[in-house]
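Residue-level structural notes
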Amino acid sequence: MDENSQSLLLCNGLPVLSLTPAPPGPSPSRLWGRHPDQIHLVGEGGVEIWGLGRRGTPPTWRSGGTPARCQRQPEKARPIPRPTGPGEAARGRNDREIPGEPARAETPQAAQPHQRDVRRSEQGGRDVTAHARRRAVGCKPARRSSDGGRRRNGTPRARQRRIGSERWAGSRRRRDGRLPASDLPASLPSSEPGLLTTPEGEAPRPAAAVMYPPPPLPPRRDFISVTLSPGRSYDGGQGLRRRSFWRKWKQLSRLQRNVVLFLLACLMLCGLLSYISVADEWKAVGSRSAEGPKMRPANPPVLPAPRRAAENPETFAGASPQKPPRHFRRGPPNLQIRAPDGDAKDRRQDEAQRRAEAAGEARWEDDVQGSRVSWRGTGTEPEQGPPLPPRKAEAAPRPSPQALRMRNSPASQNERQKAVVAAFRHAWAGYRKFAWGRDELKPVSKSFSEWFGLGLTLIDALDTMWILGLKKEFEEARKWVSQKLLFQKNVDVNLFESTIRILGGLLSAFHLSGDVLFLEKAEDFGNRLMPAFQTPSKIPYSDVNIGTGVAHPPRWTSDSTVAEVTSIQLEFRELSRLTGVKKFQEAVEEVTRRVHSLRGKKDGLVPMFINTNSGLFTHLGVFTLGARADSYYEYLLKQWIQGGKKETQLLEDYLEAVEGIRKHLLRRSEPGQLTFVGELAHGRFSAKMDHLVCFLPGTLALGAHHGLPADHMELAQALMDTCYQMNRQMETGLSPEIVHFNLHPQRSHKDVQVKAADRHNLLRPETVESLFYLYRLTGQRKYQDWGWEILRSFNAYARVPSGGYSSISNVQDPRNPQPRDKMESFFLGETLKYLYLLFSDDPDLLSLDTYVFNTEAHPLPIWVPS
């Protein structure tokens, strides 16, 4: 057949096509090109034609990859309609295919409709884009002349593209590679239906016009589908690339990516915090392991009480210095490590204690003269010639005459004192039964709680048992201290709390009983607290690990509270006096000197926080006598008394602070005109008063007793009335933790108001402490009566039948005070001790001219009694 005799006319403004057979051979199985006027016909056996044209002009062709000449159309034919829809959009340059080569698998892409309209010029209405189509199929482009006509040579306006390297954007892959003959145009000239015209001498072949609608857009997915196929064969890494991390990551939504990044950030932060928390500990462990046999504890344990060589010589015949303890074990804080040869040590201590009780003061003098103690733990040896101790103490370790008198002939007890003893026995029975050797008793649940794991309640109550005459209980507690109280433990302790409770309790027990065991334990513990003072500013850290010697501030700040760093001086100074080791006293007095010279005070009042790095006050402008600042003022006076009233700097700071309290913090309530101490925050006064502030009446009265102005006693009595009303105006007769006072007269309103979050009572001792001072120094019986009311309220609302006393949550509800299931150690160490002393009519029982009480009610001797 002649290739010029067969033609096809496309209507509706589409190109007129001439059908020209293609040579046999492989043909592309997909449509190609990007121009909407491209048409591609494929038939079985390789008949393949594609072309581009327009109405009224000869079409341009390519058949089998070979350019065809442009020719005119000899006859009309019915046009094949052009598909419409999103599939008509052009594909990108990277998606091109070359005719005659296998098609490349690709991801369907969204197509956009062709947006360019066919424009006609004003001269003859010709298509202005025809030259682009002609050039794209290999024909020479036409040019417009200056008058708008065609020109044969030159560059077309449209971009030149090879039709053989592009696909038609509206095409779609055929399902079976063929198009039924029924879908071909009816006017197609052919020798047989469904066949394209073939070259002469060849068999006819069916043809298919491949023109389908575009594929639908893939739905947006907000998830990842993972398929595991263990038996899949290796495909050269193509599957792994398709499922690469980056592609999966891009498939996630923005919300999912943000969630993943947030979780990763949280994990990194947790890891960093964990590393910081254990870094110091591992560093300490590594250094100890590297030192090997050179490792020694912070303070080696020393041997028991001194004795003469003539007594029990078989005990010391083969005595040898104690071996240094081995490397400590890392484990839970409550792990107890038994000291070597503890039983023999206990037997020697028990024998010494029984001999001391039988012989009395004369026996003690003989022991002191006949032996000496090596404080480094090298043993006890008989005295031969002048003693040469490694450290010379200012005073020999011996009990005071008052303590010996209490031990040898305890005074008779009145009915109220007996009630206090009964309350102590009841509390001690619960502790002994449910929490023996633990820090605190939980009486309601009949269990215990741990803070330091050092038997806090037991040590806090040692001197109380001695004062109350409970010798059996005291001996039992002393045995536990001898056998179980070991400080080589991997546990953090608070410097302030452990000093006033443990160090103060051990020193007080030594002074009252004369048992050197308590002094040895006190010195060991004091050495383990010293790393807290190793700071750039000499202001100690708040916490220290007594096992590793690592000190640090709280986890949330680098500040220490002013009360914590200035309320440890009494105990460390006394420890230096007894042992002759000056480092304890020097460390705490350096803190006192630095605080004295700091700026930021307001007429003697100090802020609540101080930075351990810079040594400066922080949170300036906030002044209170409650938590975090209370005992600073108390220890200014008591250090001055302890040192024999020689340190004028302490006295000046105390007197200035009292005047600052009068000027800035003192107010009167309505309608009862109660004198109270409030708080000042950046110049704004708050009528809030903690129960802790009730220490102030007793401190003021003590200062007046030691020669300070008489108006201090008047202020003390006024504040004592207020503290009593804080108890009396509550339905249970027990003071809440915090109260607010009315400053303006209001009907049906009391002076004292309590918020719901502040109405708990922790069995605190501050009110009965001041009652003791006021009664001892004034002799007014009303203070004893007020204390008796408070003791009865404790028995009515805080006593637990199974043993112990519990703090309560609601002092305004006598029917349901809501026990908090916790007995603080200071209930036995302070509250019951002050009640017992309050009810005593003997002014020489722990005379205020001989002893000064630390802030945990542990009596320490005045160095130069007045």
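About the thresholds
- Residues numbered from 1 in each chain as written.
- Predicted model: local features only at pLDDT ≥ 70, side-chain atom pairs only at ≥ 80, totals over all residues.
- Heavy atoms only, no water.
- Helix = DSSP H or I, 4+ residues; strand = E, 2+ residues; numbered from the N terminus.
- Contact = heavy atoms within 4.5 Å.
- Axes fitted to C-alpha atoms, helices over the stretch in contact; angles between N-to-C directions.
- Parallel < 35°, antiparallel > 145°, perpendicular 65-115°, else oblique.
- Left-handed = near helix turned anticlockwise from the far one by under 90°.
- Patch = residues over 30% accessible without salt bridge, like charges linked within 9 Å, V, L, I, M, F, W, Y side chains within 5 Å.
- Areas by Shrake-Rupley, 256 points an atom, 1.4 Å probe, with all protein chains shown as cover.
- Salt bridge = Lys/Arg side-chain N within 4 Å of Asp/Glu carboxyl O.
- Pairing = 2+ DSSP bridges.
- Expected span 1.5 Å × (residues − 1).
- Buried < 20%, exposed > 50% of the residue type's maximum accessible area, 1.4 Å probe, protein only.
- Phe/Tyr/Trp six-rings, centres within 6.5 Å; stacked < 30°, edge-to-face > 60°.
- Lys NZ or Arg CZ within 6 Å of the ring centre and 35° of its normal.
- Nonpolar A, V, L, I, M, F, W, Y, C, P; charged D, E, K, R; others polar.
- Disulfide = S-S within 2.5 Å.
- Polar contact = N/O pair within 3.5 Å; in protein donor to acceptor, adjacent residues only side chain to side chain.
- pLDDT = per-residue confidence, 0-100.

Next up on the list: the overall build of the protein. Counting secondary structure elements, the protein contains 24 helices and 29 strands. Counted over contacts in the protein with a minimum sequence separation of 6, partners at least 24 positions apart contribute 68%.

The next subject is the packing of helix α14 (residues 516–529) against helix α16 (residues 569–579). Packing of α14 against α16 leaves a shortest axis separation of 11 Å and a crossing angle of 125 degrees. What the angle tells us is that α14 and α16 run oblique. Pair α14 / α16 crosses with left-handed handedness. Contacts from L519, A522, E523, G526 and L529 of α14 reach α16 at F572, L575, L578 and T579.

On the surface, a nonpolar cluster with roughly 540 Å² of combined accessible area is contributed by L269, L272, L273, Y275 and I276. Counting through the fold element by element, L269 comes out in helix α4 (residues 254–291).

Pairing is antiparallel across the open sheet formed by three strands, whose spatial order is β25-β26-β27. Edge strands, defined here as strands with exactly one partner in the open sheet, are β25 (688–690) and β27 (752–753). Relative to β27, strand β26 (residues 738–741) is paired through two bridges, and the arrangement is antiparallel. Note that in β27 the partner of H740 across the bridge is Q753.

Its 14 residues place the ends of helix α12 (residues 471–484) 20 Å apart at the C-alpha level, agreeing with the 20 Å of an ideal helix rising 1.5 Å per residue. Considered for burial, the residues of α12 that qualify are E473, F474, A477, R478, W480, V481 and S482.

Moving on, we get to unusual backbone geometry. Omega for the peptide link from E670 to P671 comes to 0 degrees, which places this bond in the cis form. Position of P671 among the secondary structure elements: in the loop between β21 (666–668) and β22 (675–677). Positive phi values are uncommon outside glycine, yet D821 reaches one of about 60 degrees. D821 gets classed as buried once you look at its relative accessible area, which sits at 16%.

Now for the sheet that holds strand β16 (residues 551–552). Spatial strand order, β14-β15-β16: three strands in an open sheet with antiparallel pairing. Of all the strands in the sheet, just β14 (492–494) and β16 have a single pairing partner and so form its edges.

Turning next to the packing of aromatic side chains. The full count for this structure, using the stated rule, is 22 aromatic pairs. When the ring of F487 is compared with that of F525, the centres are 4.8 Å apart and the planes differ by 45 degrees; the resulting orientation is tilted. Of the two residues, F487 sits in the loop between α12 and β14 while F525 sits in helix α14, which places them 38 residues apart along the sequence. A single burial state applies to F487 and to F525, both of which are buried. Site record: aromatic cluster; members linked through ring pairs are F424, W428, Y431 and W436. Cation over ring: R667 sits above F685, and NZ or CZ is 4.1 Å from the ring centre.

Right, let's get into helix α18 (residues 630–642). Here α18 is 13 residues long and its end C-alpha atoms lie 19 Å apart, about the 18 Å a rise of 1.5 Å per residue gives. With 13 of 13 residues buried, α18 lies mostly within the body of the structure. Directly beyond the C-terminal end of α18, a positive phi value near 80 degrees is found at G644.

This paragraph deals with the pattern of salt bridges. Here the structure, examined in full by the defined rule, presents 24 salt bridges. Among the charged side chains, a network of salt bridges with common partners joins E440, K822 and E824.

Packing of helix α13 (residues 495–513) against α14 brings their axes to within 8 Å, and their N-to-C directions diverge by 160 degrees. In this view, α13 runs roughly antiparallel relative to α14, as classed from their interaxial angle. For the crossing formed where α13 meets α14, the hand is left-handed. Between α13, through L495, S498, T499, I502, L503, L506, L507, A509, F510 and S513, and α14, the contact on the second element is made entirely by V516, F518, L519, K521, A522, F525 and L529. Split into classes, the residues belonging to the contact of α13 with α14 amount to 13 nonpolar, three polar and one charged.

Another point: the state of the cysteines. Disulfides are covalent bonds that connect the sulfur atoms of two cysteines. Under the criterion given, the structure shown has one disulfide. The disulfide partner of C694 is C723, and the S-S distance across this bridge is 2.2 Å. Handedness here is read from the sign of the S-S torsion; for C694 and C723, about -105 degrees, the answer is left-handed. In this pair, C694 is assigned in the loop between β25 and α20 (696–705) and C723 in helix α21 (residues 711–728), connecting sequence segments 29 residues apart. Judged by relative accessible area, C694 falls into the buried class, the value being 0%. With no disulfide of its own, C266 lies closest to C270 among cysteine sulfurs, the gap being 6.5 Å.

Turning our attention to the side chain of S840. Mapped onto the elements of the fold, S840 is located in the loop between α24 (826–838) and β28 (851–853). A polar atom in the side chain of S840 sits 3.2 Å from the backbone nitrogen of D842. Those residues in contact with S840 that sit more than four places away from it in its chain are Q417, Y775, Q784 and L845.

Next up on the list: the confidence of the model for the protein. Overall, the predicted model of the protein reaches an average pLDDT of 73, with 56% of residues at or above 70. Across residues 26–36, where pLDDT falls below 50, the model places 51 contacts with residues more than four positions away in sequence or in other chains. In the model, residues 141–155 has pLDDT below 50 throughout and makes 36 contacts with residues more than four positions away in sequence or in other chains.

Among the structural elements, T464 can be located in helix α11 (residues 462–468). A sequence separation of 41 residues divides T464 from G505, and the C-alpha atoms of the two residues are 9.5 Å apart. Those residues within four positions of T464 in sequence are excluded, and the remaining contacts are F424, L828, G829 and K833.

Attention shifts here to the side chain of R478. Its place among the elements puts R478 in helix α12. For R478, a relative accessible area of 2% puts it in the buried group. For R478, the side chain forms a polar contact with the side chain of D515, separated by 2.4 Å.

Position of S825 relative to the elements: it lies in the loop between α23 (781–797) and α24. On the basis of relative accessible area, S825 is assigned to the buried category, the value being 0%. Along the sequence, S825 and D439 sit 386 residues apart, while their C-alpha atoms lie 7.5 Å from each other. Sequence-distant contacts of S825, that is, excluding residues within four places in its chain, are made with E440, L456, T457, D460, R501 and E856. A polar contact of 3.0 Å, which involves the side chain of S825, links it to the side chain of D460. A polar side-chain atom of S825 sits 2.7 Å from a polar atom in the side chain of R501.

Let's shift gears to the environment of L637. Residue placement: L637 occurs in helix α18. We classify L637 as buried; its relative accessible area is 1%. Between the C-alpha atom of L637 and that of L700, which follows or precedes it by 63 residues, the distance is 9.1 Å.

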